[in-house]
Amino acid sequence: MAKLSPKLGIRLNLLKPQSNPEKIFVKLFRWLLSTGRYIFIFVEALVLLAFIARFKLDADIASKKEAIEQQIPYIESLQLYEVLIRQTQLKLSTIDGIRKNSGNFSDILKWIASLTPKDIKITTLNLTKDVSQVSIRINGQAQSNNDLNAFMQGLKQNQSFSNTNIDSIGFEKGTITFSISTTFKPIGGGRNS
């Protein structure tokens, strides 16, 4: 016998009440039982993870603190070196400040030495640092006027020296004694001749 194919149809229950909506508390209770339990489980899992992480982080802090406490004697033993290093740094900064503020006296002396003829003897040399220039006072002895003239011309022709004047000149025991004042201001930071 051949099977009959099922017929398609719509089943409609007209007896179910349609006008009575569910109360909000019932909907909330149903939602808590269905979806809310997953949220509750997720929050509990987060709390457990935070609790376990707290133990791990406390252990890490304790190990770091122990490592730091082990290094304290070594660091305290280096305190003397720290004091010496700070003193050395202070001395170096003081020397650097003096060097910057005092002018480059070694270069000035090289300039004067290169301009001084061999027959002139410098007896005293005073260098005084001003704001942007160095005032120089030279006392010396020359064997002849030509040597003194060559020395003066060398100072006047050099662009780094300015206001070059003979303050005093005298003749003692066959030598010429003189006193020269000048100012030194380097031009372009290099040697100019």
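Asker: Got a minute to help me understand the overall build of the protein in this structure?
Answerer: Along the backbone of the protein there are four helices and four strands. Starting at the N terminus, the α and β elements of the protein follow one another as α-α-α-β-β-α-β-β. For the protein, buried positions account for 18% of its 193 residues. Put simply, 55% of the contacts in the protein that link residues at least 6 apart link residues at least 24 apart.

Asker: What exactly am I supposed to notice about the sheet that holds strand β3 (residues 161-172) here?
Answerer: Each strand in a sheet pairs with its neighbour through backbone hydrogen bonds, running either in the same direction (parallel) or in the opposite one (antiparallel). Sheet architecture is open: four strands sit in the order β1-β2-β4-β3, paired in antiparallel fashion. Two strands in the sheet have a free side with no partner beyond their single neighbour: β1 (120-129) and β3. Direction aside, the axes of adjacent strands within the sheet are offset by 15° on average. In terms of strand pairing, β1 meets strand β2 (residues 134-142) through nine bridges, oriented antiparallel. Residue Ile122 lies in a different strand from β2, and its bridge partner there is Gly140.

Asker: Where do I start with helix α1 (residues 24-77) in this structure?
Answerer: For an α-helix, the turn length of 3.6 residues means that residues three or four places apart are oriented alike. Helix length check: α1, at 54 residues, gives a terminal C-alpha distance of 74 Å against a target of 80 Å (1.5 Å per residue), a fit within 8%. Within α1, the axis deviates most sharply at Gly36, by approximately 55°.

Asker: Before we go on, may I ask you to explain the packing of aromatic side chains in this structure?
Answerer: Within a pair of aromatic rings, the relevant descriptors are the distance that separates the centres and the angle that separates the planes. Tallying each qualifying case throughout the model produces five aromatic pairs. Aromatic pair Trp111 and Phe161: ring centres 6.4 Å apart, planes at 75°, arrangement edge-to-face. Taken together, the positions of Trp111 in helix α3 (residues 105-115) and Phe161 in strand β3 put the pair 50 residues apart, joining distant regions of the chain. Since its relative accessible area comes to 4%, Phe161 is described here as buried. Each ring, one from Phe151 and one from Phe178, has its centre 6.3 Å from the other, and the planes form 55°; the classification is tilted. Taken as a pair, Phe151 in helix α4 (residues 145-157) and Phe178 in strand β4 (residues 175-184) lie far apart in primary sequence, 27 residues in all. Under the relative-accessibility criterion, Phe151 is labelled buried at 0%. Grouping aromatic residues by their ring pairs yields a cluster made of Trp111, Phe161 and Phe184.

Asker: Quick question: what am I supposed to make of the confidence of the model for the protein here?
Answerer: Detailed reading of the predicted coordinates is not advisable wherever pLDDT falls low. Scored by pLDDT, the protein comes out at a mean of 84, with 87% of its residues at no less than 70. A low-confidence stretch, residues 189-193 (pLDDT under 50), is modelled with 10 contacts involving residues beyond four sequence positions or located in other chains.

Asker: What is the right way to read the nonpolar core from this model?
Answerer: In summary, soluble globular proteins display a tendency toward joint burial of nonpolar side chains. The biggest cluster of nonpolar side chains holds 18 residues, and the ones touching the most others in it are Ile136, Phe151, Phe161, Phe178 and Ile180. For this core, the secondary structure elements donating two or more residues are α3, β2, α4 and β4. Apart from the residues lying within four places of it in its own chain, the contact partners of Phe178 are Ile120, Ile138, Asn139, Gly140, Gln141, Ala142, Leu148, Phe151, Ser168 and Ile169.

Definitions and limits used
- Residues numbered from 1 in each chain as written.
- Predicted model: local features only at pLDDT ≥ 70, side-chain atom pairs only at ≥ 80, totals over all residues.
- Heavy atoms only, no water.
- Helix = DSSP H or I, 4+ residues; strand = E, 2+ residues; numbered from the N terminus.
- Buried < 20%, exposed > 50% of the residue type's maximum accessible area, 1.4 Å probe, protein only.
- Contact = heavy atoms within 4.5 Å.
- Pairing = 2+ DSSP bridges.
- Axes fitted to C-alpha atoms, helices over the stretch in contact; angles between N-to-C directions.
- Expected span 1.5 Å × (residues − 1).
- Bend = angle between axes of the 7 residues up to and from the residue.
- Phe/Tyr/Trp six-rings, centres within 6.5 Å; stacked < 30°, edge-to-face > 60°.
- pLDDT = per-residue confidence, 0-100.
- Core = buried A, V, L, I, M, F, W, Y, C linked by side-chain atoms within 4.5 Å.

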